[in-house]
Amino acid sequence: MLENMRRQGASIFVYLIFCLLIVIFVINFGPQGGGKGGCRGTDNLVISVNNEEPTQAAYHIAYSANQGAGKQKTWVALEMLIRREILAQEADARGLITTSEGVKEEIKKGWFFLAGQRMKIPHIFDEDGLWNLNAFHGWVAQLNVSKNAYISEQERSMQAWRMAKLLEDSVASGRLAILSL
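The structure presented is a predicted model; accordingly, all values stated were derived computationally and were not measured.

Trainee: Is there a simple way to think about the overall build of the protein in this case?
Mentor: Helix and strand content of the protein: six helices and two strands. When the helices and strands of the protein are placed in sequence order, the string is α-α-α-α-β-β-α-α. Among the 181 residues that make up the protein, the fraction classed as buried is 30%. Partitioning the contacts of the protein with sequence separation of at least 6, the portion at a separation of at least 24 is 59%. Counting every atom, the protein has about 12,300 Å² of accessible surface; 59% of that belongs to carbon and sulfur.

Okay, here's the thing in structure tokens:
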């Protein structure tokens, strides 16, 4: 009889342990678990700047377009994203907006925007000085993003460039005012 009670006590204890483990897994990995594990995959967050989160496309462009090597290339890309987000957030606060049409016009002129800077797209014009669609598609493919993601990311980057330009112009006019005194 004592042997029978010992077996029943052990089986109750085993059931309690299994129930406890099930509850722990449900709480940590269920739909309310925050999306950090389970079957939902990993979070694609690259960096957060003042609760704004640049896209993976923005990171791919910053990574592919910089001249760093190894880990330095990653650090430079992250620094570019931080700079871009700070400038773009200030542009938002000041009401500076950009549109995809404006970005497309700048692309047709051979420009792209990165970390508050405006640069020429390499080899975008052919020998006759005409804009080359194949060169543009090659450029976007080299950056490892889709055309739509590139244009969308360029809207934010152009906004950052406009803010950087505004700051640069205000510093230049401040220098002129000091020199004229």
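Trainee: Sorry if this is basic, but what is going on with the environment of alanine 65 here?
Mentor: Mapped onto the secondary structure, alanine 65 falls in helix α2 (residues 56-65). It is 10.0 Å that separates the C-alpha atoms of alanine 65 and tryptophan 139, two residues lying 74 residues apart in sequence. In contact with alanine 65, other than residues within four places in its own chain, are Leu114 and Leu143.

Trainee: I would appreciate a short explanation of helix α4 (residues 100-108) in the present structure.
Mentor: At 3.6 residues per turn, the α-helix brings residues three or four places apart onto the same side. All of the buried residues along α4 are Val103, Glu106 and Ile107. Looking straight down α4, one finds its buried side chains confined to an arc of 100°; they lie on one side. Just past α4, the residue glycine 110 takes up positive phi, approximately 95°.

Trainee: When you look at the pattern of salt bridges in this model, what are you seeing that I'm missing?
Mentor: Under the counting rule described, the total for this entry stands at nine salt bridges. The salt bridge partner of arginine 94 is glutamate 90, with a shortest N-O separation of 2.9 Å. Residue arginine 94 and its partner glutamate 90 are both found in helix α3 (residues 71-94); the two are separated by four residues, about one turn of the helix. Judged by its relative accessible area of 52%, arginine 94 falls in the exposed class. Look at glutamate 90 and you get partly exposed, because its relative accessible area is 34%. What emerges from the salt-bridge pattern is a single network uniting Arg84, Glu85, Asp92, Glu153 and Arg156.

Trainee: Can you help me understand the packing of aromatic side chains in this one?
Mentor: Geometrically, a pair of aromatic rings is defined through the distance of the ring centres and the angle of the planes. Evaluation of the coordinates by the stated rule reveals five aromatic pairs. Through a chain of ring-to-ring contacts, the aromatic side chains of Trp131, Phe136 and Tyr150 assemble into a single cluster. Taking NZ or CZ as reference, lysine 73 lies 5.3 Å from the ring centre of tyrosine 63, over its face. Over the ring of tryptophan 111 we find arginine 118; its NZ or CZ atom is 3.9 Å from the centre of that ring.

Trainee: It is not clear to me how the nonpolar core should be interpreted in this structure. Could you clarify?
Mentor: Most often, soluble globular proteins have nonpolar side chains that are buried together. Of all hydrophobic cores here, the largest spans 29 residues; its most connected members are Ile107, Leu114, Ile121, Trp139, Leu143, Val145 and Tyr150. Elements with a minimum of two residues in this core: α2, α3, α4, β1 (111-114), α5 (133-142) and α6 (147-180). Per-element accounting of this core gives the leading share, six residues, to α2. Isoleucine 107 has contacts with Ile121, Trp131, Phe136, Tyr150 and Ile151, leaving out every residue within four places of it along the chain. If you look at the next biggest cluster of nonpolar residues, it comprises seven residues, including Ala88, Ala91, Leu96 and Met163.

Trainee: What's the story with the packing of α2 against α3 in this structure? I'm lost.
Mentor: What describes two packed helices is the angle between their axes and the distance between those same axes. Direction vectors running N to C along α2 and α3 enclose 125°, while the axes themselves pass 8 Å from each other. For the element pair α2 / α3, the angle class is oblique. α2 and α3 meet at a crossing whose hand is right-handed. Contact residues: Ala58, Tyr59, Ala62, Tyr63 and Ser64 in α2; Lys73, Thr74, Ala77, Leu78, Met80, Leu81 and Arg84 in α3. For the contact of α2 with α3, the residue count by class is eight nonpolar, two polar and two charged.

Trainee: Even after reading the chapter, I still don't get unusual backbone geometry, so can you show me in this structure?
Mentor: Although it is not a glycine, alanine 115 sits at a positive phi angle of roughly 55°. You can see alanine 115 is positioned in the loop between β1 and β2 (117-120). Even without a glycine there, the phi angle at histidine 123 is positive, about 55°. In this structure, histidine 123 sits in the loop between β2 and α5.

The rules behind each value
Residues numbered from 1 in each chain as written. Predicted model: local features only at pLDDT ≥ 70, side-chain atom pairs only at ≥ 80, totals over all residues. Heavy atoms only, no water. Helix = DSSP H or I, 4+ residues; strand = E, 2+ residues; numbered from the N terminus. Buried < 20%, exposed > 50% of the residue type's maximum accessible area, 1.4 Å probe, protein only. Contact = heavy atoms within 4.5 Å. Areas by Shrake-Rupley, 256 points an atom, 1.4 Å probe, with all protein chains shown as cover. Arc of directions from axis to C-beta. Salt bridge = Lys/Arg side-chain N within 4 Å of Asp/Glu carboxyl O. Phe/Tyr/Trp six-rings, centres within 6.5 Å; stacked < 30°, edge-to-face > 60°. Lys NZ or Arg CZ within 6 Å of the ring centre and 35° of its normal. Core = buried A, V, L, I, M, F, W, Y, C linked by side-chain atoms within 4.5 Å. Axes fitted to C-alpha atoms, helices over the stretch in contact; angles between N-to-C directions. Parallel < 35°, antiparallel > 145°, perpendicular 65-115°, else oblique. Left-handed = near helix turned anticlockwise from the far one by under 90°. Nonpolar A, V, L, I, M, F, W, Y, C, P; charged D, E, K, R; others polar.

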